[in-house]
Amino acid sequence: MKKILAPLFAVTLLYSCSNSDDNSVTPNPDEKYLDGFFVSNEGNFNGGNASVSHINGGLSTVANDIFQTSNARSLGDVAQHMVVTDKYVYIVVNNSNTIEVVNKKTFKSVYTISENVTSPRFAVVKNNKLYVTSLVDAKVNVYNAETFAFIKSIALNHTAEQIAVANNYIYAANGFYSGGMAIEVINPENDTNTVDIAFEKAIVGISTNGQNVYALSANDTTTSISIVNNTSIASTKVLEQPIARNIVAEGSNVYYTAGTGVYKMNNSLTSSSTKLFDVAAGDEYSVFYGFNVLNGTIFTSDAKGFTDNAKIVIYKEDGSIIKEFTAGVGTNGFYKF
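Source: prediction; values computed, not measured.

Caption draft 1: Layout of the nonpolar core. Core analysis: the largest hydrophobic core is formed by 15 residues, its most contacted members being F38, V52, L75, M82, V89, I91 and F107. Taken together, the elements giving at least two residues each to this core come down to α2 (66-71), β4 (79-84) and β5 (88-93). Of the residues forming this core, the biggest block, three residues, is contributed by β5. Once you skip the residues sitting within four places of it in the chain, M82 turns out to touch F38, V39, S40, V52, V89, Y90, I91, F107 and Y335.

Shown next, in the form of structure tokens:
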């Protein structure tokens, strides 16, 4: 009986406190990151200076190096990617061969996954399992997302870079550096590699709105956006711009970058793309090193050639600047709380 009454009492107390007029609830001082956006800063390869920043929900302040602040140790070497869930943040640390798991609200370390981790690149969570691609191994490693125990490896035909979840499948895009020409589809119910979806041009990025996967593929002359639905390509739009990159599916739109421009089209790909604005020109590999669209707000980073801390610029769709920040070295990703 105590097991029933105790939670009921706690819920009642919480409800009572949260509706009081005197705002007497004392916030947990350790819960510093209750909303806003996380930023992954890759760092210099072999530099051991990877870090994570946090931008508050009002886009007015930034806190840098929050992993170091919360855990009194460095994050490691090359923060490649992050996965944010309701409970945890999983930080894929490529050259340290680790995946750091932290409490989402406090950023305090919960666990460091290192078993069978070899040059990890990107990750997703599905069915309470963590799926991780590797730069050097043609496989996706699967871990329990709660206990962090290694479950199995799923063999791929080629190494994979970005990985996405849509509907009932997991999609692993073949390695960009090796000119990947296929997306390998995994069934998470039985963790088997089911089918390869072939593309005519090398895949340079994938994104998902939860229903479809949007794949950006390019060669020296043209770029295409393709909608992948379940296990096949539903439609393809050939773009006028050469070699676009940084595709993001958000809401009813698809965004991408080409040169210094940010472009947008509807997610049915039935209209021509619209150029929203240009960012300042710079080193080819530094401009748009990080790019995402979150709640209709456009986050960009200039990696400054990895010789200085990165510059983050946050835009509205009309190109007006909301805020600029200095982050860590090599900012490469933006994630919602």
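Caption draft 2: Layout of the packing of aromatic side chains. Enumeration according to the criterion identifies 14 aromatic pairs in this entry. Pairing Y111 with F148 gives two aromatic rings, centres 5.1 Å apart and planes at 20°, and the pair type is stacked. Separated by 37 residues along the polypeptide, Y111 in strand β7 (residues 109-113) and F148 in the loop between β10 (139-144) and β11 (150-155) bring together distant segments of the chain. On the accessibility criterion, Y111 (39% relative accessible area) is partly exposed. An aromatic cluster is built from Y33, F38, F107 and F337, whose rings are joined through pairwise contacts. The ring of F337 carries K104 above its face, with NZ or CZ at 4.2 Å from the centroid.

Caption draft 3: Here's a closer look at the pairing of strand β21 (residues 253-258). Most of β21 sits out of view: six of its six residues are buried. Bridge analysis of strand β20 (residues 245-250) against β21 gives four bridges, and the strand direction is antiparallel. Bridge assignment links V248 to a residue of β21, and that residue is Y255. Examined bridge by bridge, β21 and strand β22 (residues 261-266) share six bridges and lie antiparallel to one another. The residue bridging T257 from the neighbouring strand is V262, located in β22. Hairpin remark: β21 followed by β22, antiparallel, with two residues in the connecting loop; positive phi at G259, about 60°.

Rules used in this analysis
Residues numbered from 1 in each chain as written. Predicted model: local features only at pLDDT ≥ 70, side-chain atom pairs only at ≥ 80, totals over all residues. Heavy atoms only, no water. Core = buried A, V, L, I, M, F, W, Y, C linked by side-chain atoms within 4.5 Å. Buried < 20%, exposed > 50% of the residue type's maximum accessible area, 1.4 Å probe, protein only. Helix = DSSP H or I, 4+ residues; strand = E, 2+ residues; numbered from the N terminus. Contact = heavy atoms within 4.5 Å. Phe/Tyr/Trp six-rings, centres within 6.5 Å; stacked < 30°, edge-to-face > 60°. Lys NZ or Arg CZ within 6 Å of the ring centre and 35° of its normal. Pairing = 2+ DSSP bridges.

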